[in-house]
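Chain residues, written in single-letter form:
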6 protein chains.
Amino acid sequence: MGLVVYAGSFDPITNGHVDVAERAARLFDRVVVAVARNDGKRPLFTIEERVELVREAIAHIPNAEADTFGGLLADYVRRRGAQAVVRGLRAVSDFEFEFQLALMNRKLNESFETIFMMPNESYTFLSSRLVKEIAALGGEVEPFVPPVVRRALLHKLHGTCHAP
Amino acid sequence: MGLVVYAGSFDPITNGHVDVAERAARLFDRVVVAVARNDGKRPLFTIEERVELVREAIAHIPNAEADTFGGLLADYVRRRGAQAVVRGLRAVSDFEFEFQLALMNRKLNESFETIFMMPNESYTFLSSRLVKEIAALGGEVEPFVPPVVRRALLHKLHGTCHAP
Amino acid sequence: MGLVVYAGSFDPITNGHVDVAERAARLFDRVVVAVARNDGKRPLFTIEERVELVREAIAHIPNAEADTFGGLLADYVRRRGAQAVVRGLRAVSDFEFEFQLALMNRKLNESFETIFMMPNESYTFLSSRLVKEIAALGGEVEPFVPPVVRRALLHKLHGTCHAP
Amino acid sequence: MGLVVYAGSFDPITNGHVDVAERAARLFDRVVVAVARNDGKRPLFTIEERVELVREAIAHIPNAEADTFGGLLADYVRRRGAQAVVRGLRAVSDFEFEFQLALMNRKLNESFETIFMMPNESYTFLSSRLVKEIAALGGEVEPFVPPVVRRALLHKLHGTCHAP
Amino acid sequence: MGLVVYAGSFDPITNGHVDVAERAARLFDRVVVAVARNDGKRPLFTIEERVELVREAIAHIPNAEADTFGGLLADYVRRRGAQAVVRGLRAVSDFEFEFQLALMNRKLNESFETIFMMPNESYTFLSSRLVKEIAALGGEVEPFVPPVVRRALLHKLHGTCHAP
Amino acid sequence: MGLVVYAGSFDPITNGHVDVAERAARLFDRVVVAVARNDGKRPLFTIEERVELVREAIAHIPNAEADTFGGLLADYVRRRGAQAVVRGLRAVSDFEFEFQLALMNRKLNESFETIFMMPNESYTFLSSRLVKEIAALGGEVEPFVPPVVRRALLHKLHGTCHAP
């Protein structure tokens, strides 16, 4: 009981995601960081890689675990017996899409509850997309992602363990 | 006279679209629900399928008809002698793009008038994209689309007439 | 029949309002520009002055008339047998409040329909409030309001018929 | 433990507020609906009246209570040992101000956590301000507020227990 | 030449304002921080107090000065021979009003140019209004305003030089 | 000194872009209109074509030049010794993404300054994307782009020098 699901594509997990997971872990008994398997977008990292990066990035949070799900989030939430889904909100543009999703999910599963949390303001404008773009262009992503993710980005994008 | 065009990609038509068509039909003599042929996005349904689904979905509205158009909406509106184009507004993110389109269309055809209408609030956060996503993941779209569209979605996505 | 109500506080009517009234008058048989009597805000012009300014500003639109109403807009619309209420949309901030109002009005009167129209882009960022502020500070409001409104502003704010 | 504060001016409490309180009460052990004493705006109802209306409106939620606070919310949260503050989010315009408040509160009390919840979509566009405006104009607010609040509004605004 | 005007009500100046002034001073030869005399809102500090607080808060910026103006900003800009007006942008809600103002000012003075700059992200959600509210409720505003402003707030609101 | 970079994908440059470049050229000693080489989106025009179109479109601005860059904008800005990056702001949706980018760039290069400028209101709702769409559908883009761009669009999209 007291379990919440923090769902997303986490391609890859950033410091902003970790921050939200930590905040949720302080409020609820257990937090499942659940990586969506069937995302329309073509991800940079495979589902296995994304889950593994999440696992390492949240290893320091005792009551958090990594998982993955296919199909509807509403079904996954029911299967896990989760009380709520946690979503991070950073900016207005997030907000509208999240609203739409949250209402749709309520239609699909009446007991589905979404709660929104805000990352630390220094992560307010951080996104997986920008991090990938910066890494691809040879920029330093060290302030934005956990060390394990930085290494994975360098390896994936430049075939090396060091910034170019 | 008194003819308006309700234009969109309708891929597929949802209950929110039908609601807007009904509202327009109460205000104007004739409503043409016009499916855009050359949409940049790769549609799930062909233009013929989309028009046919629109036709069945609005069959109960006596002064509404389905049509399709290629080229510029501004030209189609002129050809049909329409007084205005109807667009549904659901949320802020809709609004800005619609504004941009409406102003562009006025530049292309000075007499082009856009009027915005709001669907019933229960459709406020409904979109063709989300409906397709839910259907693809095996979710039940019965509350969101007309029965004929639900069947078409199941057939197209799962090769069956029943929800998986 | 074919009557719509264009409601607002019109304190005072601007060129943007006149533009919306003209657009509505092209689409509908009759447009009533209805000045709200009991607005929470303290208006600069009395209700009589506002109606009179509206009347003169729309005198050139044959199928438009000025009127005033107290109480709920939903009741006024019912009394007049109007098919819809017209509202001008300029910007995102307008939009959300208008949405809220439109949904509330639908709750109060199920047949209440709101249609949104866009003024010419050159009036996009025009508001009665800014016009009053500029006039109060001695600025020239000639590009923003009909001549009769400009004279009324000068008289009301500076006790003169000429710009200071 | 497991206590959250749902803070606001509640002038008066609406069905949307009650809905958020119910949702929070399903997620947390205890919910305190806390009415802010020193709000800049001139409220319609006194602080005592607002608390009393909250108390009656949430009487059916076993793990919820009404309270009032002066001074900074950040201090009240600390005194009560609350884990988080709950805020209802309805629309984009809410969102930005709430964001600003939440970040400010974090600066004032580092452990201050804000979680945002969404009322049922049918309350999405409901606000205390609109309810008061409608009631003042003689409109029926029965769909928007608990019966006890409706009676209080009629009494306060029209000196009667019946709609005019 | 190379002079820009950073205009506002500065009631009072915050660390966010100082940050924008510093950024502008790095880009332009001279920055005038100009306090608007005739603001519709009832300010907490008199115009003399606001200018004096600005003067002390920007004393460390060699090419910046404090000034005050009445009447239209467009006229003041012309009188000073300024190349542009600088405005700080923090959030979406700022943005729309600023847009409206900037377009209006261009109508009043064709050569009027507005440039928008962003304060450091840690000031993104800082506003004079919130600072006053926090100070009035006995909160510590030390992270948000220069020391001289903090003292002035305590003196003005609590008649003391120390936080209550 | 006094050099700013106006960066973008310019696929193709529109009258709105030219307008912003002209405005920046009035404020700063030198403006580099820098076309981003490695944009995620598949551009219609090659990098060489885009730079050439920019060059011709800004040939009348004596203190402006066209350039191209690969890699991070933050690195390019450092290499050129630019004081700031100029971005055009048209609408709210622009704004949030621009904010995110500007903050990210500040993290990557602390001295990176972004200034936002507004094009003339008649270009407010103009975008390269809409221009390409209109041209592809056989619409007249003459009011939206410089003549050289119009010819390039016709040639690229219809293999002709005349509108179809």
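Small disclaimer: the values here were computed from a predicted structure and weren't measured. (Residues numbered from 1 in each chain as written. Chains lettered and ligands numbered in written order. Predicted model: local features only at pLDDT ≥ 70, side-chain atom pairs only at ≥ 80, totals over all residues. Heavy atoms only, no water.)

A. Spotlight on the overall build of chain A. If you tally the helices and strands in chain A, you get 6 helices and 5 strands. Counted from the first residue to the last, chain A has its helices and strands arranged as β-α-β-α-β-α-β-α-β-α-α. Its C-alpha atoms give chain A a radius of gyration of 16 Å, near enough to 15 Å, the size a compact globule of 164 residues would have. With respect to the principal axes defined by its C-alpha atoms, chain A has extents near 50 × 30 × 30 Å. (Helix = DSSP H or I, 4+ residues; strand = E, 2+ residues; numbered from the N terminus. Rg over C-alpha atoms; globule rule 2.2 N^0.38 Å.)

B. View of the relation of the copies chain D and chain A. The two copies are related by a screw operation: chain D maps onto chain A through 180 degrees of rotation and 0.0 Å of translation along the axis, at an RMSD of 0.0 Å. In the structure described here, the two chain copies are related by an operation that fits a two-fold rotation axis. Closest approach to the rotation axis among the C-alpha atoms of chain D is made by Phe116 of chain D, whose C-alpha sits 2.4 Å away. Interface overlap between copies: 100% of the residues of chain D at the interface are likewise at the interface in chain A, consistent with a symmetric, same-surface contact. (Least-squares fit on C-alpha atoms with pLDDT ≥ 70 in both. Contact = heavy atoms within 4.5 Å.)

C. Geometry of the sheet that holds strand β1 (residues 3–8) of chain B. Read across the open sheet, the 10 strands follow the order β3(B)-β2(B)-β1(B)-β4(B)-β5(B)-β5(C)-β4(C)-β1(C)-β2(C)-β3(C); overall the sheet is mixed. Taken across any chain shown, the strands that pair with only one partner, and hence form the sheet edges, are β3 (64–69) of chain B together with β3 (64–69) of chain C. Geometrically, the sheet is characterised by an average inter-axis angle of 35 degrees between neighbouring strands, direction not taken into account. As paired elements, β1 of chain B and strand β2 (residues 30–36) of chain B share 6 bridges and run parallel to each other. Among the inter-strand pairings, Ala7 of chain B is bridged to a residue of β2 of chain B, identified as Ala34 of chain B. Of the strands in this sheet, β2 and β3 of chain B touch helix α2 (residues 47–57) of chain B, which is tilted by about 155 degrees from β2 of chain B. Lying over the sheet, helix α3 (residues 73–80) of chain C contacts β1 (3–8), β2 (30–36), β3 and β4 (84–88) of chain C, oriented at roughly 130 degrees with respect to β3 of chain C. (Pairing = 2+ DSSP bridges. Axes fitted to C-alpha atoms, helices over the stretch in contact; angles between N-to-C directions.)

D. Broad picture of the interface of chain D and chain A. Residue-level contacts link 27 residues of chain D with 27 residues of chain A. On the surface where chain D and chain A come into contact, there are 4 salt bridges. Residue Arg23 of chain D pairs with Glu113 of chain A through a salt bridge whose shortest N-O separation is 2.9 Å. For the interface between chain D and chain A, the tally reads 11 residue pairs in polar contact (both at pLDDT 80 or more). Elements with a contribution of two residues or more to the side of chain D that touches chain A: α1 (15–27), α4 (92–108) and β5 (114–117) of chain D. Looking at the side of chain D that touches chain A element by element, the count peaks at 8 residues for α4 of chain D. A breakdown of the residues in the side of chain D that touches chain A according to their chemical character gives 15 nonpolar, 4 polar and 8 charged. Two elements, strand β5 (residues 114–117) of chain A and β5 of chain D, share 3 bridges in a ladder whose sense is antiparallel. (Salt bridge = Lys/Arg side-chain N within 4 Å of Asp/Glu carboxyl O. Polar contact = N/O pair within 3.5 Å; in protein donor to acceptor, adjacent residues only side chain to side chain. Nonpolar A, V, L, I, M, F, W, Y, C, P; charged D, E, K, R; others polar.)

E. Geometry of the arrangement of the chains. There is a gap between chain B and chain E: no contact, and a shortest C-alpha distance of 12 Å. Without any contact between them, chain D and chain F keep their closest C-alpha atoms 12 Å apart.

F. Highlighting the pattern of salt bridges. All names here are of chain B. Summed over all chains, the structure comprises 78 salt bridges over all chains. In this structure, the salt-bridge partner of Arg80 is Glu65, at a minimum N-O distance of 3.4 Å. One end of the pair, Arg80, is in helix α3 (residues 73–80); the other, Glu65, is in strand β3, with 15 residues separating them in the sequence. What makes Glu65 partly exposed here is its relative accessible area of 22%. (Buried < 20%, exposed > 50% of the residue type's maximum accessible area, 1.4 Å probe, protein only.)

G. Up close: the packing of helix α2 (residues 47–57) of chain A against helix α6 (residues 147–158) of chain A. All names here are of chain A. Remark: α2 packs on α6, axes separated minimally by 9 Å, with the N-to-C direction vectors making an angle of 150 degrees. By the angle class used here, α2 and α6 are roughly antiparallel. Contacts between α2 and α6 pair Glu49, Leu53 and Glu56 from the former with Val148, Val149, Ala152 and Lys156 from the latter. Tallied by class, the residues present in the contact of α2 with α6 amount to 4 nonpolar, no polar and 3 charged. (Parallel < 35°, antiparallel > 145°, perpendicular 65-115°, else oblique.)

H. Highlighting the environment of Val85 of chain D. All names here are of chain D. Inspection of the secondary structure assignment puts Val85 in strand β4 (residues 84–88). A sequence separation of 52 residues divides Val85 from Val33, and the C-alpha atoms of the two residues are 9.9 Å apart. If we ignore the near neighbours within four places in the chain, the residues touching Val85 are Val5, Leu73, Val77, Phe112, Glu113, Thr114 and Ile115.

I. Region of the structure containing the pairing of β5 of chain D. All names here are of chain D. Burial of β5 is two-sided: the residues Thr114 and Phe116 facing one way and the residues Ile115 and Met117 facing the other way are all buried. Both β4 and β5 contribute to a ladder of 4 bridges, which runs parallel. Residue pairing across strands places Val86 opposite Ile115, the latter belonging to β5.

J. View of helix α3 (residues 73–80) of chain A. Residues and elements named next belong to chain A. Turning to α3, its buried residues are Leu73, Ala74, Tyr76 and Val77. One side of α3 holds all its buried residues, which, seen down the axis, span an arc of 160 degrees. Among the residues trailing α3, Gly81 stands out with phi positive, at a value near 65 degrees. (Arc of directions from axis to C-beta.)

K. Highlighting unusual backbone geometry. Backbone torsion omega between Asp11 of chain B and Pro12 of chain B reads 0 degrees, so that peptide bond is classified as cis. Within the secondary structure, Pro12 of chain B is located in the loop between β1 and α1 (15–27). Residue Phe10 of chain C is not a glycine yet carries a positive backbone phi of 45 degrees. With respect to the helices and strands, Phe10 of chain C occurs in the loop between β1 and α1 (15–27).

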